[in-house]
Amino acid sequence: MTEANPSSAIDRLQSVRDSIKAAETRYERQPHSVTLIAVSKTFEVAAIRPIIAAGQRIFGENRVQEASQKWPQLRQEMAARGEDLELHLIGPLQSNKAGDAVALFDWIETVDRDKIAKALASEIAKQKRNPTLLVQVNTGDEPQKAGLSPTETDAFLVRCRDDYGLTISGLMCIPPVNEAPGPHFALLTKIARRNGLGIISMGMSGDFETAIQMGATHVRVGSAIFGARLGF
Ligand SMILES: *Cc1c(COP(=O)(O)O)cnc(C)c1O
């Protein structure tokens, strides 16, 4: 895992916060209508602590295993100070990890097939936990990418509710890397609105301002805060 230079990470956090605020104004969004999720994947707890100290409370991780090695400790440190954190799973979930995911994460943003919906429903009942759930949409219909096809999303949302008893609060997407993200963000917002869903998680370091323009309520920003990652 990677170390970050803490002081510059704090400067970058502040600059991302400023950019979010400026984009809310520029695109006539309500003040504070966009929530920043700091994506800490690949960074060690020592790199995350200063970002927590700077007031950030919402974090995203894309691997259950990696998160389970970092976050119980950080949560415990916060609990000792009477504070809490909100941890989002933003990477693919295997059904055999559903139990770990429900135990560890406050939000699961990557519900994307019936098998996962079913496994989550059973773990939620068993553990009496109530994570906020988002459905991932593969807006570009990319064969290698997780998420529901836009044409299958409405029916999947109905099955989540009626067949599995799950409350889905919103949608997330990761647009194709080599296409303009705007139309993908617009499509996700359209699918969310027609299904009455209020939460829209989209936009990363390179395109979060466009996502805010197109209706994002949550942006997931990693490298613009923590610095470049090695590997993925
Ligand atoms: C890594 C990741 C991000 C953050 O990406 P950056 O470009 O570093 O901001 C956002 N969303 C998901 C799903 C990711 O895996």
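Refer to the structure printed above.
Cut-offs and rules
- As a convention, each chain's residues are numbered from 1 in the sequence order in which they are written.
- Note on the predicted model: pLDDT of at least 70 is required for a residue's local features to be given, and 80 or more for side-chain atom pairs to be given and counted; whole-chain, interface and lining totals, by contrast, use all residues.
- Excluding hydrogens and water, the side-chain values take into account all heavy atoms of the structure.
- Detection works on a 1 Å grid of protein atoms alone, calling trapped sets that fit a 1.4 Å probe cavities and calling open sets with protein on both sides within 12 Å along at least five of seven lines pockets, with lining residues defined by an atom within 4 Å of a point.
- Grid points are joined across faces, edges and corners, and a volume is the space filled by probe spheres set on the points.
- Throughout this entry, Asp, Glu, Lys and Arg are counted as charged residues, while Ala, Val, Leu, Ile, Met, Phe, Trp, Tyr, Cys and Pro are counted as nonpolar. The remaining residues, Gly among them, count as polar.
- For the purposes of this entry, the term helix denotes a DSSP run of H or I that reaches at least four residues, the term strand denotes a run of E that reaches at least two, and both are numbered from the N terminus.
- Centre distance within 6.5 Å is the pairing criterion for rings of Phe, Tyr and Trp, where only the six-membered ring of Trp is used; planes under 30 degrees apart are then read as stacked, over 60 as edge-to-face, and the remainder as tilted.
- The cut-offs for exposure are 20% and 50% of the maximum accessible area for each residue type, with area from a 1.4 Å probe on protein chains only; residues under the lower value are buried, those over the upper are exposed, and the others partly exposed.
- Counted as salt bridges are all cases of a side-chain nitrogen of Lys or Arg within 4 Å of a carboxyl oxygen of Asp or Glu.

Q: Before we go on, may I ask you to explain the layout of surface pockets in this structure?
A: If a probe as big as a water molecule is rolled over the atoms, it shows which places are left empty. Of the pockets and cavities examined, the largest pocket occupies roughly 450 Å³. If you trace the largest pocket, you find 19 residues lining it, with K41, N62, I90, I174 and M204 closest to the centre. In terms of residue class, the lining of the largest pocket is made up of eight nonpolar, seven polar and four charged. The volume enclosed by the second largest pocket comes to roughly 260 Å³. Taken together, 14 residues form the lining of the second largest pocket, with R17, I20, E24, H32 and V34 sitting closest to its centre. Put simply, the parts of the chain that give the lining of the second largest pocket at least two residues each are α1 (6-26) and β1 (35-39). A class-by-class count of the residues in the lining of the second largest pocket yields five nonpolar, four polar and five charged.

Q: Sorry, what's going on with the packing of aromatic side chains here?
A: Any aromatic ring pair is given by two values, namely how distant the centres are and how the planes are angled relative to each other. On inspection of all chains with the given rule, the structure shows two aromatic pairs. Geometrically, the ring pair formed by F43 and F226 is stacked, given 5.1 Å between the ring centres and 25 degrees between the ring planes. Residue F43 is located in the loop between β1 and α2 (45-53), and its partner F226 is located in helix α9 (residues 223-226); the two are separated by 183 residues in the primary sequence. A residue is classified by how much of its surface remains accessible, and F43, at 1% relative accessible area, is buried. When the ring of F59 is compared with that of W71, the centres are 4.9 Å apart and the planes differ by 40 degrees; the resulting orientation is tilted. In this pair, F59 sits in strand β2 (residues 58-61) while W71 sits in helix α3 (residues 64-80), placing the two residues twelve residues apart along the sequence. Here F59 falls in the buried class, since its relative accessible area comes to 0%. On the accessibility criterion, W71 (1% relative accessible area) is buried.

Q: I keep staring at the pattern of salt bridges and nothing clicks. Help me out?
A: When the charged atoms of two side chains lie near each other, side chains of opposite charge can form a pair. Under the defined criterion, the tally for this structure stands at 15 salt bridges. We note a salt bridge from R159 to D114, for which the minimum N-O separation is 2.8 Å. One end of the pair, R159, is in helix α6 (residues 150-162); the other, D114, is in helix α5 (residues 114-127), and 45 residues separate them in sequence. Given a relative accessible area of 24%, D114 falls into the partly exposed group. Among the salt bridges present, the one from E123 reaches K126, with a minimum N-O distance of 3.3 Å. With E123 and K126 both in helix α5, this residue pair falls three residues apart, about one helical turn. E123 gets classed as buried once you look at its relative accessible area, which sits at 14%. Given a relative accessible area of 60%, K126 falls into the exposed group. A single network of salt bridges, built from pairs that share partners, joins R75, D84, D106 and R129.

Any functional reading would require information that these geometric values do not contain.
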